[in-house]
Amino acid sequence: MILSPVSDADLDRAFAALADPVRRAIIARLSRGAATVNELAEPFEISKQAVSKHIQVLEQAGLVSRTRDAQRRPVHLEAARLEAMTAWIDRYRLAAEQRFRALDAVLEHSTAPGSAGATTQISTDDKEQQS
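Residues numbered from 1 in each chain as written. Predicted model: local features only at pLDDT ≥ 70, side-chain atom pairs only at ≥ 80, totals over all residues. Heavy atoms only, no water.

Comments concerning the pattern of salt bridges
Okay, step 1: All chains considered together, the criterion is met by five salt bridges.
Okay, step 2: Salt-bridge contacts for Asp10 lead to Arg13; the nearest nitrogen and oxygen are separated by 2.7 Å. Residue Asp10 and its partner Arg13 are both found in helix 1 (residues 8-18); the two are separated by three residues, about one turn of the helix.
Okay, step 3: When salt bridges that share partners are traced, they join Asp90, Arg93, Glu97 and Arg101 into one network. (Salt bridge = Lys/Arg side-chain N within 4 Å of Asp/Glu carboxyl O. Helix = DSSP H or I, 4+ residues; strand = E, 2+ residues; numbered from the N terminus.)

Okay, here's the thing in structure tokens:
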């Protein structure tokens, strides 16, 4: 699946939508399958109207969508949008991991027996013992 790039405005809306714990809980519930507003409202001590407003924010961010199924209007998770957000995060995570691997290699080389860093440390330790 080829994902289209996510604009800064799309990312802003999505991350702002996910900043709320109720909306994150709704996303978590929808990851198990579609649900109606009534089903999504069950675990919360807020009104169905408040849950509907949370769903509207998630819809505007492109994280969920609603369909019509006879009398029901189930809410569905838009996995493609989450995948695009994950790809954006992964780009920076991978760059950070590469820097950490490079740092690990430098540190390992500098502390390896026979390296200048290890010799310097041994020489310093020997001097302290001689004093």
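Examining helix 1
Okay, step 1: Along helix 1, the residues classified as buried are Asp10, Leu11, Ala14, Ala17 and Leu18. One side of helix 1 carries all its buried residues, which in axial view fall inside an arc of 135 degrees. Exposed residues lying more than 90 degrees from the buried face of helix 1 are Asp8 and Asp12.
Okay, step 2: Where the residues of helix 1 are buried, they touch helix 2 (21-30), helix 4 (48-60) and helix 5 (79-111). (Buried < 20%, exposed > 50% of the residue type's maximum accessible area, 1.4 Å probe, protein only. Arc of directions from axis to C-beta. Contact = heavy atoms within 4.5 Å.)

Structural notes on a nonpolar patch on the surface
Okay, step 1: On the surface, a cluster of nonpolar side chains totalling about 310 Å² of accessible area is made up of Phe100, Leu103 and Leu107.
Okay, step 2: Along the chain, Leu107 turns up in helix 5. (Patch = residues over 30% accessible without salt bridge, like charges linked within 9 Å, V, L, I, M, F, W, Y side chains within 5 Å. Areas by Shrake-Rupley, 256 points an atom, 1.4 Å probe, with all protein chains shown as cover.)

Some points on the packing of helix 2 against helix 4
Okay, step 1: Look at helix 2 against helix 4: their axes get within 10 Å of each other, and the N-to-C directions meet at 75 degrees. Viewed along their axes, helix 2 and helix 4 adopt a mutual orientation that is roughly perpendicular. Where helix 2 abuts helix 4, its residues Val22, Arg23, Ile26 and Ile27 lie against Val51, His54, Ile55, Val57 and Leu58. (Axes fitted to C-alpha atoms, helices over the stretch in contact; angles between N-to-C directions. Parallel < 35°, antiparallel > 145°, perpendicular 65-115°, else oblique.)

Topic: the packing of aromatic side chains
Okay, step 1: In total, this model carries two aromatic pairs according to the counting rule given.
Okay, step 2: Centre to centre, the rings of Trp88 and Tyr92 are 5.2 Å apart; their planes meet at 65 degrees, and the pair counts as edge-to-face. Here Trp88 pairs with Tyr92, and both are found in helix 5, just four residues apart, close to one helical turn.
Okay, step 3: Take Tyr92: its relative accessible area is 47%, and that puts it in the partly exposed class.
Okay, step 4: Clustering of aromatic rings is evident, with ring pairs tying together Phe15, Trp88 and Tyr92. (Phe/Tyr/Trp six-rings, centres within 6.5 Å; stacked < 30°, edge-to-face > 60°.)

Looking at the nonpolar core
A general feature of soluble globular proteins is that nonpolar side chains tend to end up buried together.
Okay, step 1: Ranked by internal contacts, the top residues of the largest apolar core, which has 23 residues, are Ile26, Leu40, Val51, Ile55 and Leu63.
Okay, step 2: Residue assignment for this core shows that the elements contributing at least two residues are helix 1, helix 2, helix 3 (37-41), helix 4 and helix 5.
Okay, step 3: Beyond its immediate chain neighbours, meaning those up to four positions away, Ile55 contacts Ile26, Val37, Leu40, Val64, Arg66 and Val75. (Core = buried A, V, L, I, M, F, W, Y, C linked by side-chain atoms within 4.5 Å.)

The analysis is restricted to geometry; functional conclusions fall outside its scope.
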